[in-house]
Amino acid sequence: MRSKIFLYLFIFSLLFILYQFMNAKKAKESYDGKIENLMSRIEEKDEAIKAQNSEKDSLIDRILELTYFSLESDEEAISYFEEQGYNAKQLALTISDQIVSQNKAGKDNPIVPFVGMEGNMAINKVRLLNHKWIIADFTDGTYWGQLFIVYDVRKDGVVDFEVEKSFLYPRS
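1. Re the pairing of strand β4 (residues 159-168)
Line of reasoning, step 1. Relative to β4, strand β3 (residues 144-153) is paired through nine bridges, and the arrangement is antiparallel. Note on β4: the bridge partner recorded for Tyr151 is Phe161.
Line of reasoning, step 2. Connecting the antiparallel pair β3 and β4 is a turn made up of five residues, with Gly157 showing a positive phi of about 95 degrees.

As structure tokens, then:
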């Protein structure tokens, strides 16, 4: 009788261990599946972050490319103005304001070498390229063009402008 009890106890223990083993195996497979799913989601997120970073890097590269010919990014031009005792950023704003402020109601801007045909010629946008050159855009509402202006800041602070080249786009 005692040997039957040990036999039943042994069989019961064996079945219990087998049950625990199968349950642990299913749990491990389930956890492995969840881990793989999470790992794939992490990889997707990493790829998305890398795409955003490469997009951000390309935008930064684009901005650097667009500001290459600009007073703000030209260290030599900035140091030229600083050596003369001027704040380059403030001077750039002053020069832009001087050009645009010559737009008057009912009159053409005197810097623009063309007479307005459909209205008054006015300067819309000004971009300082460096410590000597400016590009400006002008229009009368129908016709438009661009100017290449050479400027000089005299020692007394007065800015002299000279239109070097100008172009009026043909109306299409």
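2. Description of the sheet that holds β3
Line of reasoning, step 1. The strand order β1-β2-β3-β4 describes an open sheet built from four strands, whose pairing is antiparallel. Since the sheet does not close on itself, it has two edges, and those belong to β1 (122-128) and β4, each with one partner. Here the strands of the sheet are splayed against their neighbours by 25 degrees on average, with no regard to which way each runs.
Line of reasoning, step 2. Two elements, strand β2 (residues 133-139) and β3, share seven bridges in a ladder whose sense is antiparallel. Residue pairing for β3: Trp133 is matched across the bridge by Val150.

3. Concerning the pattern of salt bridges
Line of reasoning, step 1. For the coordinates displayed, the defined rule picks out five salt bridges.
Line of reasoning, step 2. Of the charged contacts, one joins Asp156 and Arg154 as a salt bridge, the two residues approaching to 3.5 Å between their closest N and O atoms.
Line of reasoning, step 3. Asp160 is the partner of Arg154 in a salt bridge, and the nearest nitrogen-oxygen pair spans 3.4 Å.
Line of reasoning, step 4. Classification of Arg154 as partly exposed rests on a relative accessible area of 35%.
Line of reasoning, step 5. For Asp160, a relative accessible area of 31% translates into the label partly exposed.

What counts and what doesn't
- Residues numbered from 1 in each chain as written.
- Predicted model: local features only at pLDDT ≥ 70, side-chain atom pairs only at ≥ 80, totals over all residues.
- Heavy atoms only, no water.
- Pairing = 2+ DSSP bridges.
- Helix = DSSP H or I, 4+ residues; strand = E, 2+ residues; numbered from the N terminus.
- Axes fitted to C-alpha atoms, helices over the stretch in contact; angles between N-to-C directions.
- Salt bridge = Lys/Arg side-chain N within 4 Å of Asp/Glu carboxyl O.
- Buried < 20%, exposed > 50% of the residue type's maximum accessible area, 1.4 Å probe, protein only.

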